[in-house]
Amino acid sequence: MADLTPTPDRPGLHVTKPDPTTPSTATAVCHCGATATATGDNQVRALVEGYTANHGPAHNRTGR
């Protein structure tokens, strides 16, 4: 399987939760240079919401 972890050359959002008892993890890298990581379901949820609202697809909506 390919490495799906985002990098500055391949920005994006990657979330994993291998099974119901393991905490989820997330990594985000935006083309603007912002990066973030999170561990735990609540923190990952917050990272995804923040990335979606302020980075990645949000840049396309605002033209920044």
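Just above sits the structure.
Presented here is a report on the structure given in the accompanying data block. (Residues numbered from 1 in each chain as written. Predicted model: local features only at pLDDT ≥ 70, side-chain atom pairs only at ≥ 80, totals over all residues. Heavy atoms only, no water.)

### Overview of the overall build of the protein chain
Heads up, the condition is: To qualify as a helix, a DSSP run of H or I must reach at least 4 residues; to qualify as a strand, a run of E must reach at least 2; elements of each kind are numbered from the N terminus. Buried, partly exposed and exposed residues are distinguished by accessible area as a fraction of the type maximum, computed with a 1.4 Å probe on protein chains only: under 20%, between the cut-offs, and over 50%, respectively. Every residue pair with non-hydrogen atoms within 4.5 Å of one another is taken to be in contact. Using a 1.4 Å probe, the Shrake-Rupley method yields the accessible areas, and only the shown protein chains count as cover for residues.
Summing up its helical and strand segments, the protein chain has 2 helices and 3 strands in all. Written out in order from the N terminus, the α and β elements of the protein chain read β-β-β-α-α. By the burial criterion, 23% of the 64 residues in the protein chain qualify as buried. A separation threshold of at least 6 residues defines the contact pool for the protein chain, and within that pool the share at least 24 residues apart is 17%. As presented, the protein chain carries roughly 4,400 Å² of accessible surface, and 55% of it is formed by carbon and sulfur atoms.

### A few points about the pattern of salt bridges
This is how it is decided: The salt bridge definition used is simple: a Lys or Arg side-chain nitrogen within 4 Å of an Asp or Glu carboxyl oxygen.
According to the stated counting rule, one finds 1 salt bridge in the structure shown. The partner of Asp41 in a salt bridge is Lys17, with the nearest N and O atoms 3.3 Å apart. Separated by 24 residues along the polypeptide, Asp41 in helix α1 (residues 41-54) and Lys17 in the loop between β1 (12-16) and β2 (25-29) bring together distant segments of the chain. The class of Lys17 is partly exposed, set by a relative accessible area of 38%.

### Looking at the side chain of Ser24
Using the following cut-off: Between N or O atoms, a polar contact is any pair within 3.5 Å; within protein, one atom must be a potential hydrogen donor and the other a potential acceptor, and residues adjacent in sequence are included only when both atoms are from side chains.
Tracing the chain through its elements places Ser24 in the loop between β1 and β2. For Ser24, a relative accessible area of 5% translates into the label buried. Side chain to side chain, Ser24 and Asp41 meet in a polar contact 2.7 Å long. Residues contacting Ser24, with those up to four places away along its chain left out, are Thr16, Lys17, Ala38, Thr39, Gly40, Asp41 and Val44.

### Focus: the sheet that holds β1
Condition: For two strands to pair, DSSP has to find at least two bridges joining them. All axes are obtained by fitting lines to C-alpha atoms, using only the stretch in contact for helices, and the reported angles, taken between N-to-C directions, cover 0 to 180 degrees.
Strand order in this open sheet of 3 strands is β1-β2-β3, and the pairing throughout is antiparallel. Where the open sheet ends on each side, the last strands, each with one partner, are β1 and β3 (35-39). The sheet shows a mean angle of 5° between the axes of neighbouring strands, taken without regard to direction. Pairing of β1 with β2, which is carried by 5 bridges, proceeds in the antiparallel orientation. Bridging from a neighbouring strand, Val15 pairs with Ala26 of β2.

### Some details on the environment of His31
Position of His31 among the secondary structure elements: in the loop between β2 and β3. Taking C-alpha positions, His31 is 7.3 Å from Gly56, a pair spaced 25 residues apart along the chain.

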